[in-house]
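Letter by letter, the chains look like this.
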2 protein chains.
Amino acid sequence: MARVIVEVMLKPEILDPQGQAIARALPRLGFSGVSSVRQGKRFEVELDGPADAAALDEVRKMAETLLANTVIEDYAVRVEEQ
Amino acid sequence: MARVIVEVMLKPEILDPQGQAIARALPRLGFSGVSSVRQGKRFEVELDGPADAAALDEVRKMAETLLANTVIEDYAVRVEEQ
């Protein structure tokens, strides 16, 4: 059993209204010193087997077809240290 | 300028219907070997200054009051290596 993390974020050139709303709310809530916020998704994928090269390839394919919209989003896949 | 990552995930004891829907869709889409999926949020917070202890304390407070619902969600704060 291994856990693989898939992080999905909007591409840098795509506007992120959710992140902007958070960044704009911060000063009102008493937080300063933040120049920008971007919001994305994080998936914890539990594998039945080990996180070997073949399994990571499968997870990458999964991210590409199901978890991320690659027209507007980038993704990163990494193995979580147990 | 430093980038701090805030990861927000549902607590383990809270049902995650989005993650379950993904896990159920995978075999149908030809992916096997995944035992479970959990979906959460990921925030990239850009700081004006360095990510020192005081700034990280601020980000933790921000996560607690704005980014996470601590009744049902856990959060983790970490500095992203540039």
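Residues numbered from 1 in each chain as written. Chains lettered and ligands numbered in written order. Predicted model: local features only at pLDDT ≥ 70, side-chain atom pairs only at ≥ 80, totals over all residues. Heavy atoms only, no water.

Enquirer: Please give an account of the interface of chain A and chain B that cites residues and values.
Expert: The partner chain B presents 32 residues to the 32 residues of chain A that form the contact. Summing both sides of the interface, chain A and chain B together bury roughly 2700 Å²; the carbon and sulfur share of this comes to 60%. Connecting chain A to chain B are four salt bridges. Of the charged contacts, one joins Glu 7 of chain B and Arg 42 of chain A as a salt bridge, the two residues approaching to 3.4 Å between their closest N and O atoms. Between chain A and chain B we count 14 residue pairs in polar contact (both at pLDDT 80 or more) in total. Among the elements that take part in the side of chain A that touches chain B, strand β2 (residues 34–47) of chain A stands out by supplying 14 residues, more than any other. Here the residues of the side of chain A that touches chain B sort into 14 nonpolar, eight polar and ten charged. The sheet contact formed by β2 of chain A and strand β2 (residues 34–47) of chain B spans 13 bridges and is antiparallel. Residue pairing across strands places Glu 44 of chain A opposite Arg 38 of chain B, the latter belonging to β2 of chain B. (Contact = heavy atoms within 4.5 Å. Buried area = accessible area lost by both parts, 1.4 Å probe. Salt bridge = Lys/Arg side-chain N within 4 Å of Asp/Glu carboxyl O. Polar contact = N/O pair within 3.5 Å; in protein donor to acceptor, adjacent residues only side chain to side chain. Helix = DSSP H or I, 4+ residues; strand = E, 2+ residues; numbered from the N terminus. Nonpolar A, V, L, I, M, F, W, Y, C, P; charged D, E, K, R; others polar. Pairing = 2+ DSSP bridges.)

Enquirer: Summarise the environment of Ala 55 of chain A; cite the residues concerned and give the values.
Expert: Looking at the element boundaries, Ala 55 of chain A is found in helix α2 (residues 53–67). Note: C-alpha distance between Ala 55 of chain A and Val 4 of chain A (51 residues apart in sequence) is 9.5 Å.

Enquirer: I'd like a description of the sheet that holds β2 of chain B, backed by residues and values.
Expert: Spatial strand order, β3(A)-β1(A)-β2(A)-β2(B)-β1(B)-β3(B): six strands in an open sheet with antiparallel pairing. Looking along the sheet, the strands with just one partner apiece sit at the ends: β3 (73–79) of chain A together with β3 (73–79) of chain B. Averaged over all pairs of adjacent strands, the angle between their axes in this sheet comes to 25°, without regard to strand direction. Its contacts with the sheet put helix α1 (residues 17–28) of chain A on β2 of chain A together with β2 of chain B, and the angle it makes with β2 of chain A is roughly 130°. Along the sheet, helix α2 (residues 53–67) of chain B contacts β2 of chain A together with β1 (2–10), β2 and β3 of chain B; its crossing angle with β3 of chain B, the most-contacted strand, is approximately 155°. (Axes fitted to C-alpha atoms, helices over the stretch in contact; angles between N-to-C directions.)

Enquirer: Account for the relation of the copies chain A and chain B, with residues named and values stated.
Expert: Relative to chain B, chain A is turned by 180° and slid 0.0 Å along the rotation axis, the superposed coordinates differing by an RMSD of 0.0 Å. In symmetry terms, the pair is related by a two-fold rotation axis. The C-alpha atom lying nearest the rotation axis in chain A is that of Lys 41 of chain A; the distance is 2.2 Å. Comparing contact sets, 100% of the residues at the interface of chain A also lie at the interface in chain B, consistent with an isologous, same-surface contact. (Least-squares fit on C-alpha atoms with pLDDT ≥ 70 in both.)

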